[in-house]
Amino acid sequence: MKTNIIKYISIAVLTLPLFTSCLSDLDTLPLDSNQLVGEEVYQTSDGYRGVLAKCYASLILTGQEGGDGGDGDVPSIDEGYSGYTRALFYLQEASTDEIAFHAGSSHGSLTMLYMNWNPSTKLVSYPYYRLYMAIGYCNEFLRECTESKLKDRGVYEKLKNEYEYYRAEVRFIRAYCYNAICDLYGSAPFVDETMAIGTIPSQKTRKEIYDYVVSEGEALTTLLKEPGTNEYGRVDQVADWFLLARVYLNAKTWVNEDQYEKAYLYAKKVIEDENYHLAPDYRQIFLADNNTCSEIIWPLVQDADNAQSSAGTNFCIKALMNGSMNNYFFTGVGTKGWGNGRVKTQLVDLFDLSDQTFDVNDTWGDNKKDKRAQFFTIGHTKETWVTGKAFQKDFANGYACIKWRNVTKDRKELVEGGTVYSSVDFPMFRTADAYLMAAEAILRGASGTRQNALDYVNEVRDRAYMSGSYGNGISGRITDSQLTLDFILAERGRELYTELIRRTDLIRFDKYTKGYNWDWKGSDGAAGNYVGKDVDDKYKLFPIPQDEFTVNPYLTQNSNYVNN
Amino acid sequence: MKKIRFMLSVFFLLCLSVNSIAQRKTLQGTVVDKDNQAIIGASVIEKGTQNGTITDADGNCVISVSKPNAIIQISSIGFENKELTASDFSGRKRIQLIESSVSLNEVITIGYGQVRKGDATGSLNTIKPDALNKGRQLTVQDALVGKVAGVNIVPGSGAPGTGGTIRIRMGASLSATNDPLIVIDGIPVSNTSVSSINPNDIATFTVLKDASATAIYGSRASNGVIIITTKKGNENGDGKPQINYSSNFTLSDVSGKLDALSADEYRIAFAENSGAPADFELGTASTNWQNEIYRSAYGTDHNLSVTGNAKHIPYRVSVGYTNQNGIIKQNNYERFNAGLGLSPKFFEKHLSVDINLKGSIENDKSISEDIIGTAVSFDPTRPVHESYTNNVGLGYFTWMSGGAPIAIASSNPVADLYLTDKLDKTMRSIGNIALDYKVHGLEDLHLNLNVGYDILRNNNDEFSPQYAPLMYISNQKDGTGKDYSYVQDKKNYLLDLYANYSKKFGENHSLSAMGGYGWQRFWYKNNSTTNDTFGNELSSPLHEEAELYLLSFFGRLNYSYAQKYLLTASLRADASSRFSSENRWGYFPSVAAAWRIKEENFLKDVDFLSDLKLRLSYGQTGQQDIGSYYQHLSTYTASYNESRYLFGDKWTTIYRPDGYDPNIKWETTETYNFGLDYGFLNNRISGGIDIYKRYTSDLLNEIYVPAGSNFTNVIETNIGNMESKGIEFAISGIPVKTKDWEWTIGGNFTWNDSKITKLNTIDTDDNYIKTGDAGGTGKYLQVHMVGETPNTFFLLKQAYDENGKPLDGQYVKEDGTITTSEEDVNKYVTGKTSKAPYYYGLSTRLIYKDWDFGINGHGSFGNYVYNYVAASESLDDLYTANGTSGNILKSTLETGFTQQRLYTDYFLENGAFFRLDNITLGYTFKKLWNSSSSLRLSFSAQNIVTITGYSGLDPEIYSGIDKNVYQRPRVYMLGVNLNF
């Protein structure tokens, strides 16, 4: 018996180390080479650049696998729809006089067409969640990229000349995001790098968010790199001036402040900077080799091989053009287009009748007066409706926009038959917009002369018509008597259509909800109801997504929207 | 009571075939129980012959035998069999049978041990697969359908080899898995892959339902546990191997087709309703696309096992081969199984060793289920075959526009069937060595060691050639072929070490204690490549690798007094590497008591009652099976090459911080269970009732994250609470048992109900979480909501005209007004759910001499099904703006909906059904060439009748959303079972 006891004890003692070694098994770390913990990422300068890249990329790419890979950043949203520029396209273009979508109704595309969205409309929530994701990445970078942490991790020496610029750029991206939130949602949650992960953000008023964007923007004018000195893909001071010009120009509608003088000041700085002069040909701005285009102040990078997404310019190309158009000209994506987005008649009518239709012998519109009139019309009706019928969701109702093409400026495909994804970089900010902003600011009371304003507009129109210093086309110049605010709004439509600014412009000109109506606006989609009607002014802001009210107790909905 | 017995016996006597054998030697006897009460209807048979009789109302019988040394067998339900020589029989007037209480003495495998059924305190059921009364069983789930109260099994689709969904007591979770834990020979495995187990190798299933039974499995036990024991060698055999060969041949047939328009009907409907441009032309063919994809399918199954005892080492060796064609062309499932079981004993039976090795290879040539829907919706005026320039379509009809294939169109389903090759190959081995050492000198103490593994390799390949129609609408959308290959390796290891001490003190006290330690590691690695058919990479190979450890300490104490009062207590401490060190350990206690009332003096003499046991239990269990292994860790994901960013001229790899929840922990479920086991008339009627109430707290739920507070916008976190309750009732009876006849009936019935009591950070009357994905993007038909059963349908209330015809696109709002908006604001909570509150199973078996006949059925009511197949259609599908035409169902023509009306309650239907699962008729040749050889031939028909009011093909769909699933075929089977 005694030997037995000794035996049991020795067994117990022998097995004890087994237990304790097993306890340490529980501290597992990811095994996959693509999944890392923070300390591994921040051990190298490449890690810091990789997180910086995420802050930029989060506004155009959708996840870490490329394309519709499946590892999307915003898991509740279909990956393609979760891309920022695409999400914004529905809100800024489909709710306006520019584009009607014949597909995507399960996401709420029809509520954009009829202007009757509500807090649970999915499309309303897409830019919202994407913007806060981008803000979260920026905050994380700012927490991790500090002098003391760099020193602790032994990467300070390598990054000491750059890391302040990294921080400034990330603050710029975040300021841009809050500018978009201020524009789209008004009053909304606020979170910065001082708040730990998991902190439930409280709401700031629209004015507070506006003030934050302005104060960050002003601070960054000197912290960012000098104009033209940064590498491609990253921003410099000019982008910040552009952002400030845009924010100040909209200050009246956003927070009822007259800031046109400042808007003019910054727009003028952009125009006068020699690094970002107007491209020689309007059409080159939207092509696969637009990374060589001087006019783009802030490009969001896309590449058929290295930076794929179903959002971004891939969306601009495929949603607006369908496969059969490739029989007439190179779409650059072969026959892979979807073709569900069509141009509303009001956008077509901004152009001269003679410029509106597509000519099979002039697929680039070289013979058009205004080279910006890029429509495909064969087999399409100009009307987005069929007489006597409800909204048809028919891809042939409405012309197609063909301004975005995944080909090079020598009009060649990247590979024969086109690539699967787009290589067109998205021009987030470009100089022509600054010209029109400067002119508008003057008309609204800034200190420039009417002649200055006229010159800005005519510079843009010269380029559009390829006349004056841009070629020997028919002159598109206007006279002083033609220069009105209404003209500016129309000109912005011609110049910037599908570039994600239309809704903001219409609101600034007070023509979004009332006083100017377009196809299907305010309609119920029933037979014959395609003529637009005024809608409630509450639609000037989008509601905060319904799902926020299930988890954030500090939020109040925008006025007149009823949560359901 | 006596009267009934008498009536029964008269009936038995009438049934008895009279043996007109010449008078040789007549024996007389009276069969009695231990209290000298007559046993009526006991069968008395001369062994090895057809000669026999049964006892009358006074227990008397007369039998004549041919030879004086004949052996007489006496048997009666509830008593142990007795054999006497003829001389003994004649010598005794009274033959006493001993009450077998066989069901009570039966040993049941429970977690880390075994228990006598009579001593069990928890709610558990043991099922031995019915060798006679079964239909085709391709996977192990098939053997459990409708058999256990409280266990709802929705069999897999009609694609051979697909596993079903198992829910014990409706499941306790929302976002975490609701699958029960499955333990095969002591190795907990993941449920999703039990298809590799050969159903013929299974000896018993034990279903553990209440927390007293399951808590010993701690953190994985909230959804119940199913313990599977495989067949073992025979210890008591005479060394001669027993060989069993069974085989069957099946013919599977389409059980129904959807009522789509024929080509001629389509032409008329198209002309009237499509609104297509005048220049759009239909085809000239008449193709029934459903006929093109379906077929009658053959299958076969062979199993050979050898059981015996070689040099005192009991062994069982088995091999199996299954080959089953699907009723959709090209679909085939094939499985090879091999198993070896050895159970030697050493040191004067002090050391028992149990070795189990199982291996399987499954080859699943699957088909894309999209084909099923496309076959309904493809334009019937188009031909199957068509030629285009440049090889486009490889000879199959393809949608074209202006000479180019259309990118947004549906793909020719026949082309997809024949051109796309899919092969899912799984090789798996499960094995373990269990040592049970009865300590020398302290025989009451057993030390147990169980070491096991479960390793698996899965290859999933898909190949579509260049120019196949599918390659113009998917992949690169330009005709480029696709060669996809996915490899998964899984390696799971287990070590359990535990001691068990049992001791009887005095006459009435018995005690057993068990304590131990467990360690388990799960590891997997996936790699996938997508190339074109020439081997060029289309995208970067994807990879994934992760591991998980579970550590446990567990103990259990059983005490019984006079086998009358039983007490069980258990405690398990579990740690999972899934959670941070602060939340890692969970403690899961349970306690249960049982009272065998029958043993009390006041019931001892109540004859008709043969067993009565009351059970009460309480326990806590957990749930840790959330998707990610590293959810609590702050991690970064590096981008693949397709998702980089350009800085300067250098493509930069992107690092993304991932969403995480440092506070994530176990879900905890508390269960109260009240149970009653009963038996009447010597257990000829027996069964049980269980009533339970269950509270799940810290329910893992996927909720939205306040924007800006994390690196994700939805996260799985411990947020909700849920309450469930239910009643389960089971009964089995043997109304007739004579020498030649045996009729058994079994049935079970379950009612259960779950209500969510907390769901979100902020719960208001209007908050819900959408679920019930109808496919596509963001199309949800159900919600989880406080106060409702999970998966409650959330739909628009259809408006009708005065004739009761649904008004297209018009819905009744909450305030009674009509709206055309399909937004969520206008939807309502229907109060109807896909979860079946009531379900039941029935089985019966009739044996007459060498004939056997069995029927199984099961059904449910109170559940609802959304007919998505019908709802997804509209007249709009006749012509699509991208220039393609498509077919619709006749019902769609009747509703006349002009657009897809996906959210109307018009398509929500009552899902009640009763299905006759199988009918089997068998005949056994008992003595083929010697007394131990036998042959059984059987014929069975499966899935014969489904009684339901549902308008779609089959209402038995776990999700409650009827998309175009692979229908369950009607199966006819011829079976052979040879023993020698």
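Below is a summary of the structure that appears in this document. Fair warning: this is a prediction, and the values are worked out from it, not measured in the lab. (Residues numbered from 1 in each chain as written. Chains lettered and ligands numbered in written order. Predicted model: local features only at pLDDT ≥ 70, side-chain atom pairs only at ≥ 80, totals over all residues. Heavy atoms only, no water.)

1. Some words on the overall build of chain A
Of the regular secondary structure elements, chain A holds 20 helices and nine strands. Dimensions along the principal axes, computed over C-alpha positions, put chain A at roughly 110 × 55 × 55 Å. When burial is assessed residue by residue, chain A has 67% of its 564 residues classed as buried. Partitioning the contacts of chain A with sequence separation of at least 6, the portion at a separation of at least 24 is 68%. When the accessible surface of chain A is totalled, it reaches about 18400 Å², and 50% of it is carbon and sulfur. One finds the centroid of the 60 positive side-chain charges in chain A at a distance of 3 Å from the centroid of its 77 negative side-chain charges. (Helix = DSSP H or I, 4+ residues; strand = E, 2+ residues; numbered from the N terminus. Buried < 20%, exposed > 50% of the residue type's maximum accessible area, 1.4 Å probe, protein only. Contact = heavy atoms within 4.5 Å. Areas by Shrake-Rupley, 256 points an atom, 1.4 Å probe, with all protein chains shown as cover. Lys, Arg positive; Asp, Glu negative; His and termini not counted. Charge placed at Lys NZ, Arg CZ, Asp CG, Glu CD.)

2. A short note on the interface of chain A and chain B
In this complex, chain A contributes 102 residues to the contact, which on the side of chain B involves 83 residues. In total, chain A and chain B occlude about 8300 Å² of area from one another, counting both sides; carbon and sulfur atoms represent 59% of this. Interface area lost by chain A to chain B is led by L26, N34 and Q64 of chain A, which between them contribute 9%. For the pair chain A and chain B, the interface holds four salt bridges. Between K336 of chain A and D478 of chain B there is a salt bridge, with its nearest N and O atoms 3.8 Å apart. The interface formed by chain A and chain B holds 30 residue pairs in polar contact (both at pLDDT 80 or more) in total. Mapped by element, the contributors of at least two residues to the side of chain A that touches chain B are α1 (2-25), β1 (35-37), α2 (38-41), α3 (45-57), α6 (122-144) and β5 (296-300) of chain A. The class makeup of the residues in the side of chain A that touches chain B is 43 nonpolar, 34 polar and 25 charged. Two strands pair when backbone bridges link them, and β1 of chain A and strand β33 (residues 635-638) of chain B are joined in this way by three bridges, in the antiparallel orientation. (Buried area = accessible area lost by both parts, 1.4 Å probe. Salt bridge = Lys/Arg side-chain N within 4 Å of Asp/Glu carboxyl O. Polar contact = N/O pair within 3.5 Å; in protein donor to acceptor, adjacent residues only side chain to side chain. Nonpolar A, V, L, I, M, F, W, Y, C, P; charged D, E, K, R; others polar. Pairing = 2+ DSSP bridges.)

3. A few points about the packing of helix α4 (residues 84-94) of chain A against helix α14 (residues 312-320) of chain A
Residue and element names in this part refer to chain A. Look at α4 against α14: their axes get within 7 Å of each other, and the N-to-C directions meet at 50°. What the angle tells us is that α4 and α14 run oblique. Seen from α4, the contacting residues are T85, R86, F89 and Y90; seen from α14, they are G312, F315, C316 and L320. (Axes fitted to C-alpha atoms, helices over the stretch in contact; angles between N-to-C directions. Parallel < 35°, antiparallel > 145°, perpendicular 65-115°, else oblique.)

4. Focus: the sheet that holds strand β13 (residues 181-184) of chain B
Pairing between sheet strands relies on hydrogen bonds along the backbone, with the strands arranged either parallel or antiparallel. Residue and element names in this part refer to chain B. The strand order β10-β15-β16-β13-β14 describes an open sheet built from five strands, whose pairing is mixed. Of all the strands in the sheet, the pair left with one neighbour each is β10 (124-127) and β14 (187-189). Across this sheet, the average inter-strand angle for adjacent strands is 25°, counted without regard to direction. As defined by bridge partners, β13 adjoins strand β16 (residues 225-230) across four bridges and the pair is classed as parallel. Paired with I184 across the two strands is I228, which belongs to β16.

5. Re helix α10 (residues 206-223) of chain A
An ideal rise of 1.5 Å per residue puts 26 Å on 18 residues; α10 of chain A measures up with 26 Å between its terminal C-alpha atoms. Contact partners of the buried residues in α10 of chain A: α9 (163-184), β3 (188-190), β4 (202-204), α11 (237-249), α12 (251-255) and α13 (260-272) of chain A. (Expected span 1.5 Å × (residues − 1).)

6. Section: the packing of aromatic side chains
According to the stated counting rule, one finds 92 aromatic pairs over all chains in the structure shown. Three or more aromatic residues link up through ring pairs in this structure, and these residues are W117, Y128, Y129, Y132, Y185, Y539, F542 and Y561 of chain A together with Y704 of chain B. Note that K269 of chain A overlies the ring of W241 of chain A, its terminal NZ or CZ placed 4.4 Å from the centroid. (Phe/Tyr/Trp six-rings, centres within 6.5 Å; stacked < 30°, edge-to-face > 60°. Lys NZ or Arg CZ within 6 Å of the ring centre and 35° of its normal.)

7. A look at the environment of D510 of chain A
All names here are of chain A. By secondary structure assignment, the location of D510 is in the segment after α20 (502-508). On the basis of relative accessible area, D510 is assigned to the partly exposed category, the value being 48%. Note: C-alpha distance between D510 and T253 (257 residues apart in sequence) is 8.7 Å. At 3.1 Å, the side chain of D510 and the side chain of K540 are in polar contact.

8. Things to note about a negative patch on the surface
All names here are of chain B. Side chains of D765, D766, E814 and D815 sit close together on the surface and give a patch of like negative charge. Looking at where D815 falls in the secondary structure, it is placed in the loop between β44 (806-812) and β45 (818-819). Judged by relative accessible area, D815 falls into the exposed class, the value being 56%. (Patch = residues over 30% accessible without salt bridge, like charges linked within 9 Å, V, L, I, M, F, W, Y side chains within 5 Å.)

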